[in-house]
Amino acid sequence: MLFKFISDQSKELLAIMNTATPTDFDLSFLDEGFSARDIVEQKINESSMTDDRDAFYVCDLGDVVKKHLRWARALPRVRPFYAVKCNDSRAVVMTLATLGTGFDCASKTEIQLVQSLGVDPSRIIYANPCKQVSQIKYASAHGVQMMTFDSEVELMKVARCHDNAKLVLRIATDDSKAVCRLSVKFGAPLKACRGLLERAKELGLDVIGVSFHVGSGCTDPETYTQAIADARCVFDTGAELGFNMDLLDIGGGFPGSDNTELKFEEITGVINPALDKYFPVDCGVNIIAEPGRFYVASAYTLVVNIIAKKVIMDEEFASDEEDEGTSDRTLMYYVNDGVYGSFNCILYDHAHCLPTLHKKPKPDEVMYPCSIWGPTCDGLDRIVEQCSLPDMQVGDWLVFENMGAYTVAASSTFNGFQRPDIHYVMSRPTWQLVQQICSQGIPAPAEESYLIEVPACCGRESSLDLPAKPCQAHVI
Ligand SMILES: *Cc1c(COP(=O)(O)O)cnc(C)c1O
């Protein structure tokens, strides 16, 4: 069973998580009947008693656990190696380490973080095809053997600086339909692969497999099919040249919330048959992936406070009472986190963030065209160009959901604005589930149904005879 690779390390981590102290991170266990949303309310109420209404996050680590179950259900053949760059919070990495995932690290610091939690080097892939020499040496000294490459120069560096590398050839994909393209920067074209494999052979290097990344925010699942078929060709070439390749790494690109057009199970419904066709179960190839966004996006809720407001009157409408539904004003809200902080995802990750209201609007509440701005003095610092919101006041709150991916990982303190505090929570039943996964592996679907209900169409077997319909995990 692929998912049963939990070791004693997980038991130690469990103990640490159970007693997580403020110096580690601020983790609260929620009693039954309470949700992360209740903590959002509680924190808002606490803050609202003071003037100190800083932006804050609530991160539901239980959501990360549920994602892990969803992964195991939908991609039973594929072991996840979480891409640390997506969100390197210690609490997230610790949760995933406890659950037994592997890790995709791209730098010495990410390797250090993962290893500081006691993760065995065999659970790390150094998945950066263009590495600094000193960092290759660091990986070598710390037992990290799996690493990607996509050029001859990289092969020569690895031959010189690593004692026992297990190399994975990263191939380019057609990522023209992805939100964030990666194959412009990384990945060898298919026609270059034979040459690279020959060079690796000459240098006495061991190539153990092939990896790719379809681009973050993949919008076309057929990209995976093509990339899996291309990987098969490279495996065949590798075998001809005498390599014993047994690792396929299908990368990341999986959606992190269900608001995307393409749902996770729609993608996996395409990937599974492609894997079975090109890499059948008995072919002896281990399959891994490097999901980032998938695990963390929906776990984080960001709550920001309105610190300033402007009302821009539109002269034309000033006295025209009959014109109902057309607003006579535009509102500008300024909040205490922006694109230099958590909302860097707007610049770097092409994200579109829209708030939900903290105070439910009345049925007849008038809505106005609004823009939302961050706190810094840069004109670029705009979160929402245009949306519809009621008339709110300084001191009111706005809630942004699905803020876990490529947010906290790249935020700065430009202009002196500090990063929001993160309050981590996990429900007690989910915590029990983590302990169960640690001792017995992923439970059968029936056992977890009180925590997470995955519709039948998400299960692998049943998806074979069902049309590829979008489906979501319904959290009770
Ligand atoms: C960024 C990255 C990932 C994670 O991508 P997601 O789209 O967040 O899943 C995985 N692998 C590599 C090599 C990456 O650079």
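Residues numbered from 1 in each chain as written. Predicted model: local features only at pLDDT ≥ 70, side-chain atom pairs only at ≥ 80, totals over all residues. Heavy atoms only, no water.

Asker: Help me understand the overall build of the protein chain, please; the structure alone is not making it clear to me.
Answerer: Looking only at helices and strands, the protein chain has 14 helices and 19 strands in total. Intrachain contacts of the protein chain at a sequence separation of at least 6 include 73% that bridge at least 24 residues. Of the roughly 21,100 Å² of accessible surface on the protein chain, 50% is carried by carbon and sulfur atoms. (Helix = DSSP H or I, 4+ residues; strand = E, 2+ residues; numbered from the N terminus. Contact = heavy atoms within 4.5 Å. Areas by Shrake-Rupley, 256 points an atom, 1.4 Å probe, with all protein chains shown as cover.)

Asker: Is there a simple way to explain the pattern of salt bridges in this structure?
Answerer: Where charged atoms of side chains with opposite charge meet at close range, the side chains can pair. Applying the stated criterion across every chain, the model contains 18 salt bridges. Taking the shortest distance from any N to any O, the salt bridge between E240 and R194 comes out at 2.8 Å. Placement of the pair is E240 in helix α9 (residues 222-240) and R194 in helix α8 (residues 193-202), with a sequence separation of 46 residues. With relative accessibility at 57%, the residue E240 sits in the exposed group. With a relative accessible area of 35%, R194 lands in the partly exposed category. One salt-bridge network, in which partners are shared between bridges, spans R70, D258 and E265. (Salt bridge = Lys/Arg side-chain N within 4 Å of Asp/Glu carboxyl O. Buried < 20%, exposed > 50% of the residue type's maximum accessible area, 1.4 Å probe, protein only.)

Asker: Would you take a moment to explain the packing of α9 against helix α10 (residues 264-278) for this structure?
Answerer: Interaxial distance between α9 and α10 falls to 9 Å at its minimum, and their mutual angle equals 20 degrees. Considering the angle they form, α9 stands roughly parallel to α10. Seen from above, α9 lies across α10 with right-handed handedness. Contacts between α9 and α10 pair E222, Y224, T225, I228, A229 and R232 from the former with I267, V270, I271, A274, L275 and Y278 from the latter. Of the residues belonging to the contact of α9 with α10, the class tally is nine nonpolar, one polar and two charged. (Axes fitted to C-alpha atoms, helices over the stretch in contact; angles between N-to-C directions. Parallel < 35°, antiparallel > 145°, perpendicular 65-115°, else oblique. Left-handed = near helix turned anticlockwise from the far one by under 90°. Nonpolar A, V, L, I, M, F, W, Y, C, P; charged D, E, K, R; others polar.)

Asker: Honestly, the sheet that holds strand β3 (residues 78-83) in this entry has me stumped. Any pointers?
Answerer: Remark on secondary structure: sheet strands pair via backbone hydrogen bonds, oriented parallel or antiparallel. Read around the closed barrel, eight strands run β3-β4-β5-β6-β7-β8-β9-β10, paired in parallel fashion. The average undirected angle you get between the axes of adjacent strands in this sheet is 30 degrees. Here three bridges tie β3 to strand β10 (residues 286-289), and the two strands are oriented parallel to one another. Note that in β10 the partner of R79 across the bridge is I288. (Pairing = 2+ DSSP bridges.)

Asker: Explain the packing of aromatic side chains here, please?
Answerer: A ring pair, where both rings are aromatic, is described by two values, the distance of the centres and the angle of the planes. With the rule as written, the count across this model stands at 16 aromatic pairs. Grouped by ring-pair contacts, the aromatic residues W71, Y82, Y224, F254, F264, F294 and Y295 constitute a single cluster. Between the NZ or CZ atom of K131 and the centre of the ring of Y126, over which it lies, the distance is 5.5 Å. (Phe/Tyr/Trp six-rings, centres within 6.5 Å; stacked < 30°, edge-to-face > 60°. Lys NZ or Arg CZ within 6 Å of the ring centre and 35° of its normal.)

Asker: Is there a simple way to think about the site of the ligand in this case?
Answerer: Around the ligand, a shell composed of 14 residues is seen, among which K85, S216, E290, G292 and Y406 lie nearest. In this structure, H213 approaches the ligand through a side-chain N or O atom, which is 3.0 Å from an oxygen atom. A distance of 2.6 Å is found between a nitrogen atom of the ligand and a side-chain nitrogen or oxygen belonging to E290. Relative to its unbound accessible surface of 390 Å², the ligand loses 94% to contact with the protein. Class assignment for the residues of the shell around the ligand results in four nonpolar, five polar and five charged. (Near = heavy atom within 4 Å. Polar contact = N/O pair within 3.5 Å; in protein donor to acceptor, adjacent residues only side chain to side chain.)

Asker: How should the side chain of K131 be read in this particular structure?
Answerer: The topology assignment puts K131 in the loop between β5 (124-126) and α6 (133-141). A polar atom in the side chain of K131 sits 2.5 Å from the backbone oxygen of T148. Residue contacts for K131: discarding those within four places in its chain leaves Y126, I136, M147, T148, E154 and K157.

Asker: What's the story with a nonpolar patch on the surface in this structure? I'm lost.
Answerer: A cluster of nonpolar side chains, namely L347, Y348 and L380, defines an oily patch on the protein surface of about 320 Å² accessible area. Tracing the sequence through the fold places L380 in the loop between β14 (367-373) and β15 (382-390). (Patch = residues over 30% accessible without salt bridge, like charges linked within 9 Å, V, L, I, M, F, W, Y side chains within 5 Å.)

Asker: Explain helix α5 (residues 108-116) here, please?
Answerer: Think of an α-helix as 3.6 residues a turn; residues three or four steps apart then line up on the same face. Buried within α5 we find E110, I111, L113, V114 and Q115. At its buried positions, α5 is contacted by α4 (90-99), β4 (102-105), β5 and α6. A positive phi of about 80 degrees marks G118, the residue just after α5.

Asker: What should I look at first to understand the pairing of strand β11 (residues 300-313) in this one?
Answerer: It is a general feature of regular strands that their side chains alternate between the two faces of the sheet. Pairing geometry for strand β2 (residues 56-60) and β11, over four bridges, is antiparallel. Looking at β11, one finds that Y57 is bridged to L302. When β11 meets strand β16 (residues 397-400), the two strands line up antiparallel, connected through four bridges. Bridging from a neighbouring strand, V304 pairs with L398 of β16. Taken together, the seven bridges between β11 and strand β12 (residues 329-335) define a ladder with antiparallel strand orientation. Bridge assignment links I306 to a residue of β12, and that residue is V335.

Read these as layout, nothing more, since geometry by itself doesn't imply function.
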